[in-house]
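# Chains, contacts and geometry: an overview
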Amino acid sequence: MSTSNDLLLRTARGEQVERPPVWLMRQAGRILPQYRAIRNRLSGFKELVETPELAAEVTIQPVDELGVDAAIIFSDILVIPEAMGLPYEMVEKRGPLFPKVIKSAADIQKLRQGGSAAAELGYVYDAVRETRKQLDGRVPLIGFAGAPWTLLAYMVEGSGSKTFSKAKRFLYSEEKLAHELLSKITSTLIAYLKEKVNAGAQLVQVFDSWAGILSPAQYRKFALPYIREIVASIDEVPVTVFSKGAWFVLEDIGQLDCQVVGLDWNTPPELARQWVGPEKVLQGNLDPCQLYAAPEEVAAAATRMLDAFGRRHIANLGHGVYPDTPLDGVKAFVKAVQAYRYK
Ligand code: CP3
């Protein structure tokens, strides 16, 4: 099956392209009335994630409505802890909650890992296959997973948090257990991403959403080595590493065997290029709140951002789009990028 708009893949492979591709993190979700309509008739978020036909439908909605240059499979990073033996709940208006959390060596001992954990996630691979079929080559399909540290953070903390101080405490006080847990998560992620690629994901993105709360030393000890192992194990498709808030280790991230580095909106493009080096493709990084501005201002800000990045760039926001973002702002962003041409 050939892909008629393969701009994302050509860019990620480092080919010379006419303009940057554009997509948005969290593009499939509450910004779209079509998504809210489906979501409102279901029992909850998990039903949507676990029903391949519905997951495929909402994955494709932003391609139809916004005209973005890529689709990202509708799922969540928290399916991995669940597959390992820690089920999650998605509590309306509050976010994720884990009734059971990791506290001891025995808790870690009980977890499934690697291929046997990844085998629990057949509904994700089915959703990827179904989406590829329905997309019929219109745009590439991105697969994703959470990074080991970010998943440990939820598995120890049990919910979202401003500080994740229980999870950070675990790193400082239970170093050996932390490494055991990170190893089990990593072996699961490798098996999972390989299955996702086999099912049809054409690029994979690793989200380290809580990288920015670690100190540089902690990031190098507990986050980077495991990400390195994951990216080294995926050679079938391009890999994006998005370590949110981790500007302080961008030189290390620049050394990873990945093709694309995601950037949050606090990171100046010029500095990121200096730190990451000339080879890798950079992805990002408009402030998601910029989309609340008037459409002309959104377009002007997008163009300034594209000028600052230059070539080897995938246009995106610096984090997921917020649910109350006006569609006019989102569309102005996509349109401005698609009208842009490199000089
Ligand atoms: O990007 C996409 O369009 C694909 C779908 C996607 C979702 N979650 C759907 C979702 C992706 C890539 C994720 C990743 C994810 N999930 C991350 C990493 C990215 C990031 O934001 O840093 C994290 C940390 C999670 C965990 C998670 N899932 C949280 C904290 C929440 C609650 C917050 C919220 O927005 O309500 C979720 C729920 C979730 N995942 C929703 C969606 C569309 C909202 C649930 C709903 O429809 O009620």
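Each remark here, short or long, concerns the structure printed above.
These figures come from a predicted structure and were not determined experimentally.

### Looking at the overall build of the protein chain
When you go through the protein chain residue by residue, the secondary structure sums to 16 helices and 9 strands. Computed over the C-alpha atoms, the radius of gyration of the protein chain is 19 Å, within 12% of the 20 Å expected from 2.2 N^0.38 for a compact globule of 343 residues. For the C-alpha atoms alone, the extent of the protein chain along its principal axes is close to 60 × 45 × 35 Å. In the protein chain, buried positions account for 59% of the 343 residues. Across the protein chain, every contact between residues at least 6 apart in sequence was considered, and the portion connecting residues at least 24 apart equals 74%.

### Concerning the packing of aromatic side chains
One pass over the structure, following the stated rule, counts 12 aromatic pairs. Their ring planes at 50 degrees and their centres at 6.5 Å tell us that tyrosine 88 and phenylalanine 98 sit as a pair that is tilted. Of the two residues, tyrosine 88 sits in the loop between helix 5 (79–84) and strand 2 (89–91) while phenylalanine 98 sits in the loop between strand 3 (95–97) and helix 6 (105–109), which places them 10 residues apart along the sequence. Assessed through its relative accessible area of 1%, tyrosine 88 is described here as buried. Assessed through its relative accessible area of 4%, phenylalanine 98 is described here as buried.

### Observations regarding the pattern of salt bridges
Within the structure shown, the criterion is met by 17 salt bridges. The partner of arginine 10 in a salt bridge is aspartate 6, and the shortest N-O contact between them spans 2.9 Å. Arginine 220 is paired through a salt bridge with aspartate 252; the nearest N and O atoms lie 3.0 Å apart. Residue arginine 220 is located in helix 12 (residues 216–233), and its partner aspartate 252 is located in helix 13 (residues 250–254); the two are separated by 32 residues in the primary sequence. Residue arginine 220 is classed as partly exposed on the basis of its relative accessible area of 39%. Overall, aspartate 252 belongs to the buried group, its relative accessible area being 19%.

### Describing the site of the ligand
Around the ligand lies a shell of 22 residues, among which Arg26, Arg30, Tyr35, Ser209 and His319 are the nearest. Here histidine 319 contributes a side-chain N or O atom positioned 2.7 Å from an oxygen atom of the ligand. For the ligand, whose accessible area on its own is 870 Å², the fraction buried by protein is 88%. Within the residue set of the shell around the ligand, elements represented by two or more residues are helix 2 (33–40) and strand 3. Taken together, the residues of the shell around the ligand sort by class into 13 nonpolar, 5 polar and 4 charged.

### Notes on helix 14 (residues 269–276)
Note that an α-helix has 3.6 residues per turn; residues three or four places apart therefore point the same way. Buried within helix 14 are the following residues: Pro269, Ala272 and Val276. Buried residues along helix 14 cover an arc of 60 degrees about the axis, so they all sit on one side. Tucked into the core, helix 14 has its buried residues touching helix 13, strand 7 (260–262), strand 8 (281–286) and helix 15 (295–309). Directly after helix 14, the chain includes glycine 277, whose backbone phi takes a positive value near 100 degrees.

### Remarks on the packing of helix 2 against helix 4 (residues 52–66)
Two numbers describe a pair of packed helices, the interaxial angle and the distance between the axes. Axis separation between helix 2 and helix 4 bottoms out at 9 Å; the angle between their running directions is 160 degrees. As the angle between them shows, helix 2 and helix 4 are arranged roughly antiparallel. The two elements helix 2 and helix 4 meet at a crossing, and its hand is right-handed. Between helix 2, through Gln34, Tyr35 and Ile38, and helix 4, the contact on the second element is made entirely by Leu54, Glu57, Val58, Gln61 and Glu65. When its residues are assigned to classes, the contact of helix 2 with helix 4 shows 4 nonpolar, 2 polar and 2 charged.

### Quick notes on the sheet that holds strand 8
The strand order across the open sheet formed by 7 strands is 1-4-5-6-7-8-9, and the pairing between neighbours is parallel. Among the strands making up the open sheet, the edge pair consists of strand 1 (71–72) and strand 9 (313–317). As defined by bridge partners, strand 7 adjoins strand 8 across 3 bridges and the pair is classed as parallel. The residue of strand 8 that forms the bridge with glycine 262 is glutamine 283.

### A short note on the environment of histidine 313
Residue position: histidine 313 is located in strand 9. Judged by relative accessible area, which is 1%, histidine 313 ranks as buried. For the pair histidine 313 and proline 62, spaced 251 residues apart in sequence, the C-alpha separation works out to 21 Å. Sequence-distant contacts of histidine 313, that is, excluding residues within four places in its chain, are made with Thr11, Pro20, Pro21, Val281, Leu282, Gln283, Gly284, Met305, Leu306 and Tyr342.

### Looking at the environment of valine 139
For valine 139, the position within the fold is in the loop between helix 8 (122–135) and strand 4 (141–146). In this structure valine 139 comes out as buried when scored by relative accessible area, which is 5%. Residues valine 139 and serine 209, 70 residues apart in the sequence, show an inter-C-alpha distance of 26 Å.

The rules behind these values
Residues numbered from 1 in each chain as written. Predicted model: local features only at pLDDT ≥ 70, side-chain atom pairs only at ≥ 80, totals over all residues. Heavy atoms only, no water. Helix = DSSP H or I, 4+ residues; strand = E, 2+ residues; numbered from the N terminus. Rg over C-alpha atoms; globule rule 2.2 N^0.38 Å. Buried < 20%, exposed > 50% of the residue type's maximum accessible area, 1.4 Å probe, protein only. Contact = heavy atoms within 4.5 Å. Phe/Tyr/Trp six-rings, centres within 6.5 Å; stacked < 30°, edge-to-face > 60°. Salt bridge = Lys/Arg side-chain N within 4 Å of Asp/Glu carboxyl O. Near = heavy atom within 4 Å. Polar contact = N/O pair within 3.5 Å; in protein donor to acceptor, adjacent residues only side chain to side chain. Areas by Shrake-Rupley, 256 points an atom, 1.4 Å probe, with all protein chains shown as cover. Nonpolar A, V, L, I, M, F, W, Y, C, P; charged D, E, K, R; others polar. Arc of directions from axis to C-beta. Axes fitted to C-alpha atoms, helices over the stretch in contact; angles between N-to-C directions. Parallel < 35°, antiparallel > 145°, perpendicular 65-115°, else oblique. Left-handed = near helix turned anticlockwise from the far one by under 90°. Pairing = 2+ DSSP bridges.

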